[in-house]
Amino acid sequence: MENKAAVVTGSTSGIGLGIAHHLAKKGCHIILTGLGEQAIIDNLVKEFIKQYPTIKVNYVPCNLLKTDEISEFCKAVKNLYPDGIDILVNNAGIQYTAPIEDYPKDKWDMMIGITMTAPFLLIKEFVGDMKRKGWGRIINMSSQMGVISSPEKAPYSAAKAGLIGMTKGVALEAAPHGVTCNAICPGYADAPIFHNQIRSYAQQHNLSYDAAMTEIFKTAHPTQKPVTIEQISELAVFLCSSGADSITGASLLMDGGNTIR
């Protein structure tokens, strides 16, 4: 993977940041993009440069809800890597829960925009260069909720299931050209979105944070513990390796055994 160029969306925190670090350790050049205060982002870039002195690291801002900004983002990336990138990780995501009759239309639009429209536009822009070079990796961050569902998550499940469908179609188109496309489907992951869910559950049930986590994992995962960022990142790195050349179109569950119940 040395000298491969990788775009990771949502890479200023959580799972995306973990994946970016793991790819950097393997010698990939990294394009970071995501939310955060500029001072924090500047420090993050400095940290990457210091920790991985042999690679190039750039931060390119982009609001993934705005198609014009996605277009400008792609142009900026092409200026950095005129021959095209090699790895695209569509990791950025949001979470919002509510009964379907109370679900705001603007939240639906955000869910579809971040989870489906942005990955579609980024794949559309970058996959051509991957095909031309005869090698590429596309990883879409779906969820166990793209395979199953739960109350108040109908739009989230719809978006994540749609992303799995897109993954399969892209995989078939790209397979003859040495390009793979896979979806990672975590269960409850030890990441900011999940932490927000724990805090919300604790507030609703008048519990401490730790008590709320224990309560949730009685039924959430047979392993009774969350999936870690490290585990997800290591799977992403494996999918970018030669050992995963024949894995494409897959929806890889990392859910502590939840969906098999």
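Analysis parameters
Residues take numbers from 1 onward in each chain, read along the sequence in its written order. At least 70 in pLDDT is required for a residue's local features to be given in this predicted model, at least 80 for side-chain atom pairs to be given and counted, and no such filter applies to totals for whole chains, interfaces and linings, which use all residues. Computation of side-chain values covers all heavy atoms of the structure but excludes hydrogens and water. UniProt positions are given in the numbering used here, feature names are shortened, and annotations may be inferred rather than shown by experiment. Lining residues are those with an atom within 4 Å of a point, where the points come from a 1 Å grid over the protein atoms alone and group into cavities, where a 1.4 Å probe fits but cannot get out, or pockets, open sets with protein on both sides within 12 Å along at least five of seven lines. Grid points are joined across faces, edges and corners, and a volume is the space filled by probe spheres set on the points. Think of it this way: any DSSP run of H or I at least four residues long counts as a helix, any run of E at least two long counts as a strand, and we number them from the N terminus. Three classes are used: nonpolar for Ala, Val, Leu, Ile, Met, Phe, Trp, Tyr, Cys and Pro, charged for Asp, Glu, Lys and Arg, and polar for all others, with Gly counted as polar. The buried label goes to any residue with under 20% of its type's maximum accessible area, the exposed label to any with over 50%, and the partly exposed label to all in between, with areas taken from a 1.4 Å probe on protein chains only. Pairing between two strands is assigned when DSSP locates at least 2 bridges connecting them.

Named according to an unreviewed UniProt entry, the protein is 3-oxoacyl-[acyl-carrier-protein] reductase originating from Mytilus edulis. Quoted verbatim from the Catalytic activity (unreviewed entry) field of the UniProt record, the comment on the protein reads "a (3R)-hydroxyacyl-[ACP] + NADP(+) = a 3-oxoacyl-[ACP] + NADPH + H(+)".

> How do you make sense of empty space enclosed by the protein when you look at a structure like this?
Gaps left between atoms show up when a probe the size of a water molecule is rolled over them. Tallied over the entire structure, the rule returns one cavity of 30 Å³ or more. Its volume calculated, the largest cavity comes out at about 30 Å³. Lining the largest cavity are Thr9, Leu64, Asn90, Asn91, Ala92, Ile114, Ala118, Pro119 and Leu122. Take the lining of the largest cavity: its biggest share by element is four residues, from helix H4 (residues 105–133). By residue class, the composition of the lining of the largest cavity is six nonpolar, three polar and no charged.

> What am I meant to see in the pairing of strand E4 (residues 87–90) here?
Note on strand geometry: in a regular strand, side chains alternate between the two faces of the sheet. Of the two faces of E4, both are covered, the one formed by Ile87 and Val89 as well as the one formed by Leu88 and Asn90. Of the strand pairs in this sheet, strand E1 (residues 5–9) and E4 are connected by three bridges, and their pairing is parallel. Residue pairing in the sheet places Val7 in a bridge with Leu88 of E4. With four bridges connecting them, E4 and strand E5 (residues 136–141) associate as parallel partners. Paired with Asn90 across the bridge in E5 is Asn140.

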